[in-house]
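Given next are the chains, with one letter for each unit.
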Amino acid sequence: PSSSSLKGKKIMITAGPTRESLDPVRYISNHSSGKMGISLAEKAAERGAIVTLILGPTSLAPTHPSIQTIPVSTAIEMFTEAKKSHPQSDIAIFTAAVSDYRPENPSPEKIKKKDGKLNLTLVKNPDIARNLGQEKKTVQVHVGFALETDEGFGSAEEKLKTKNFDFIVLNSLLDPEAGFQKDTNQVTFIDKKGKSQKSPVLRKEELASIILDKIESFFQTTES
Ligand code: C5P
């Protein structure tokens with residue numbers, strides 16, 4: 001709708017998995033499809049926002065012509081692009097399933113099979129949301145996601161604080177309708193005041209609209 005307070009706002013969204021190479025043919029990654037982030041990008045563009053989608057490797061792509069998609073592969077590439085977009089962004093949404101670790105010394109050649117065990121040393125990747133959270137200005141709104149295999153409330157609250165999110169969207173894999181590759185999701189919203197709210201089972205597109213409504217409410221309270 002033309003009355004949307006997102007009209008003309010700049011939104012950066014990280015989405016999808018990252019890939020961390022072991023050698024030229026193999027990588028470490030995860031099951032993220034990027035669906036949630038792509039849905040958010042589409043819905044925000046429909047509301048007139050200027051969207052930059054920093055997207056890890058996935059077979060899915062947004063269709064709205066105004067979305068600027070920046071394809072990336074590794075966590076470090078995603079971080080580099082996010083750092084470039086962040087200062088101009090009014091809103092940052094961190095949906096990406098960033099690999100927490102990467103191989104310390106990727107082999108320049110294909111690793112050969114040999115007898116016995118193969119040890120891999122992994123080093124920590126930068127936490128994109130946490131780093132940019134430290135640079136967040138009061139006028140910027142940051143939204144994060146937490147995917148937990150247990151109920152996850154406590155760890156989601158912890159992430160909300162350490163990453164300086166305005167609110168976090170908790171997905172628990174205990175909910176049968178939530179998670180990777182699915183078209184539906186059931187989530188709990190937790191905000192900075194400790195207020196929480198569980199959603200019904202929703203299609204990811206519907207959830208995207210609800211998340212954007214919540215973001216709009218931040219601008220309505222700060223601008224009026
Ligand atoms: O700590 P955890 O990975 O569970 O936190 C999830 C949130 O942090 C998500 O919003 C995710 O996009 C973001 N994140 C990030 N960079 C990382 C790890 C997570 O931006 N390296």
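Residues numbered from 1 in each chain as written. Predicted model: local features only at pLDDT ≥ 70, side-chain atom pairs only at ≥ 80, totals over all residues.

**Some points on the overall build of the chain**
Tallying secondary structure elements over the chain gives 5 helices and 14 strands in all. In terms of C-alpha radius of gyration, the chain reaches 18 Å, essentially the compact-globule figure of 17 Å for 224 residues. Along the first, second and third principal axes, the C-alpha atoms of the chain reach 65 × 35 × 30 Å. For the chain, long-range pairs separated by at least 24 residues make up 59% of all intrachain contacts whose partners lie at least 6 apart in sequence. (Helix = DSSP H or I, 4+ residues; strand = E, 2+ residues; numbered from the N terminus. Rg over C-alpha atoms; globule rule 2.2 N^0.38 Å. Contact = placed C-beta atoms within 7 Å.)

**Observations regarding the site of the ligand**
In the vicinity of the ligand there are 16 residues, among which Phe94, Val98, Ile128, Ala129 and Gly144 approach most closely. Elements with a contribution of two residues or more to the shell around the ligand: helix H3 (128-135) and strand E9 (141-148). Of the residues forming the shell around the ligand, the biggest block, 3 residues, is contributed by E9. For the shell around the ligand, a count of residues per class yields 8 nonpolar, 4 polar and 4 charged. (Near = placed C-beta within 6 Å. Nonpolar A, V, L, I, M, F, W, Y, C, P; charged D, E, K, R; others polar.)

**Overview of the UniProt feature "binding site: CTP" (unreviewed entry) in the chain**
UniProt records the feature "binding site: CTP" (unreviewed entry) for Asp100, Lys110, Phe145, Lys159 and Lys163 in the present numbering. These annotated residues cover 64 residues of sequence, and their C-alpha atoms reach 37.2 Å apart at the extreme, placing them across more than a single site. Structurally, the position occupied by Phe145 is in strand E9. You can call Phe145 buried: it has 22 C-beta atoms within 10 Å. In this view, Phe145 contacts Phe94, Thr95, Ile168, Val169 and Asn171; residues no more than four positions away in its chain are not counted. Tracing the sequence through the fold places Lys163 in the loop between helix H4 (153-162) and strand E10 (167-172). With residues near it in sequence (within four places) discarded, Lys163 still touches Ala129, Arg130, Gly133 and Gly144. (UniProt positions renumbered as here; feature names shortened; annotations may be inferred. Buried ≥ 20, exposed ≤ 12 C-beta atoms within 10 Å, placed from the backbone.)

**Let's talk about the nonpolar core**
Nonpolar side chains tend toward joint burial in soluble globular proteins. Within the largest apolar cluster, 50 residues are counted, with the highest numbers of intra-cluster contacts made by Ile13, Ala41, Ala44, Val51, Met78, Val143 and Ile168. Here this core takes 6 residues from helix H1 (residues 35-46), the largest share from any one element. Look past the residues within four positions of Ala41 in its chain and what remains in contact with it is Ile13, Val51, Leu53, Pro62 and Ile67. (Core = buried A, V, L, I, M, F, W, Y, C linked by C-beta atoms within 7 Å.)

**Section: the environment of Thr162**
For Thr162, the position within the fold is in helix H4. Overall, Thr162 belongs to the exposed group, with 12 C-beta atoms counted inside 10 Å. Sequence spacing of Thr162 and Asn105 is 57 residues, and the spatial spacing of their C-alpha atoms is 29 Å.

**Things to note about the environment of Pro108**
Take Pro108: it is sitting in the loop between strand E7 (101-103) and strand E8 (122-124). Residue Pro108 is classed as exposed on the basis of its C-beta count, with 7 C-beta atoms lying within 10 Å. A sequence separation of 85 residues divides Pro108 from Asp23, and the C-alpha atoms of the two residues are 5.9 Å apart.

**Thoughts on the environment of Pro103**
Here Pro103 shows up in strand E7. By the C-beta count within 10 Å, which is 17 here, Pro103 ends up partly exposed. C-alpha separation for the pair Pro103 and Leu122, spaced 19 residues apart in sequence, amounts to 4.4 Å. Discounting residues that sit within four places of it in the chain, Pro103 has contacts with Glu20, Ser21, Leu22, Leu120 and Leu122.

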